[in-house]
Amino acid sequence: MMKKVVLVILLSLLSLSTFAKEQTVTLEVPTMNCATCPITVKKALQNVDGVSKAEVTYSSKLAVVIFDDKKTTVKALTAATANAGYPSTIVETETP
């Protein structure tokens, strides 16, 4: 019985390290040239598996994306905007 308890505790501790970390990245999307462009960029970002939130602003030409770093990468996010016709570059990343 004691071995089972120890095994369960060890497995629990090991699985804690596999939890995903939520990250935030700010992308500059300079080619957005109309008020409807952010809609396309936002949809492209939201279609990336692991993205929980995307806020895209035309006036600042920025996209702030919150994502699960176990499911996607910043490279995948910039690829998504580029594939939608709006290349982006990383302005800032942070891990809450």
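Criteria and cut-off values
Within each chain, residue numbers correspond to sequence positions counted from 1 in written order. Per-residue local features of the predicted model are confined to residues with pLDDT of at least 70, and side-chain atom pairs are confined, for both listing and counting, to 80 or more; whole-chain, interface and lining totals are unaffected and use all residues. Processing note: side-chain calculations cover all non-hydrogen atoms of the structure and skip hydrogens and water entirely. Numbering of helices and strands starts at the N terminus; helices are DSSP runs of H or I of at least 4 residues and strands are runs of E of at least 2. Exposure is judged per residue with a 1.4 Å probe applied to protein chains only, and the accessible area is read against the type maximum: over 50% gives exposed, under 20% gives buried, and values in between give partly exposed. A contact between two residues is defined here by any heavy atoms of the two lying within 4.5 Å. Using the Shrake-Rupley algorithm and a 1.4 Å probe, accessible areas are obtained, with residue cover drawn only from the displayed protein chains. Think of a polar contact as two N or O atoms within 3.5 Å of one another; within protein, one of them needs to be a possible hydrogen donor and the other a possible acceptor, and neighboring residues in sequence only count if both atoms come from side chains. Working definition of a nonpolar core: buried Ala, Val, Leu, Ile, Met, Phe, Trp, Tyr and Cys residues. They are joined through side-chain atoms within 4.5 Å. In this description, strands pair whenever DSSP reports at least two bridges between them. What the arc describes is the spread of directions from the helix axis to the C-beta atoms.

Chemist: Residues and numbers for the overall build of the protein, please.
Modeler: Scanning the protein for helices and strands turns up three helices and four strands. Listing every helix and strand of the protein by position from the N terminus yields α-β-α-β-β-α-β. Expressed as a percentage of the 96 residues in the protein, the buried residues total 30%. In the protein, of all internal contacts separated by at least 6 residues, the share reaching a separation of at least 24 is 66%. About 6,300 Å² of surface is accessible on the protein, with carbon and sulfur atoms providing 60% of the total.

Chemist: Tell me about the side chain of Thr78, and please be specific about residues and values.
Modeler: Tracing the backbone through its elements, the reader meets Thr78 in helix H3 (residues 74–83). Polar contacts involving the side chain of Thr78 include one to the main-chain carbonyl oxygen of Lys75, which spans 3.0 Å.

Chemist: I'd like a rundown of the nonpolar core, residues and numbers included.
Modeler: Nonpolar side chains tend to gather and get buried jointly when the protein is soluble and globular. Formed by 18 residues in total, the largest nonpolar core has its most connected members in Leu45 and Leu77. Beyond its immediate stretch of four places on either side in the chain, Leu77 contacts Val25, Leu27, Leu45, Val48, Val51, Val65 and Phe67.

Chemist: Go over the pairing of strand S3 (residues 62–68), please, and point to the residues and values.
Modeler: A regular strand carries its side chains on alternate faces of the sheet. As paired strands, strand S1 (residues 22–28) and S3 are joined by seven bridges and run antiparallel to one another. Residue pairing in the sheet places Glu28 in a bridge with Leu62 of S3. The sheet contact formed by strand S2 (residues 51–57) and S3 spans six bridges and is antiparallel. Bridge pairing in S3 places Glu55 opposite Val64. Counting the residues that bridge the hairpin from S2 to S3 gives four residues, and of these Lys61 lies at a positive phi of roughly 60°.

Chemist: An account of H3 is requested, with residue identities and associated values reported.
Modeler: Residues of H3 that are buried: Val74, Leu77, Thr78, Ala80 and Thr81. Here the buried residues of H3 occupy an arc of 155° about the axis, which is enough to place them on one side. Across from the buried face of H3, at angles greater than 90 degrees, the exposed residues are Lys75 and Asn83. Immediately beyond the C-terminal end of H3, within one or two residues, lies Gly85, with a positive phi of roughly 100°.

Chemist: Could you give an account of the environment of Leu77, with specific residues and numbers?
Modeler: Along the chain, the position of Leu77 falls in helix H3. On the basis of relative accessibility, which here comes to 0%, the residue Leu77 falls in the buried class.

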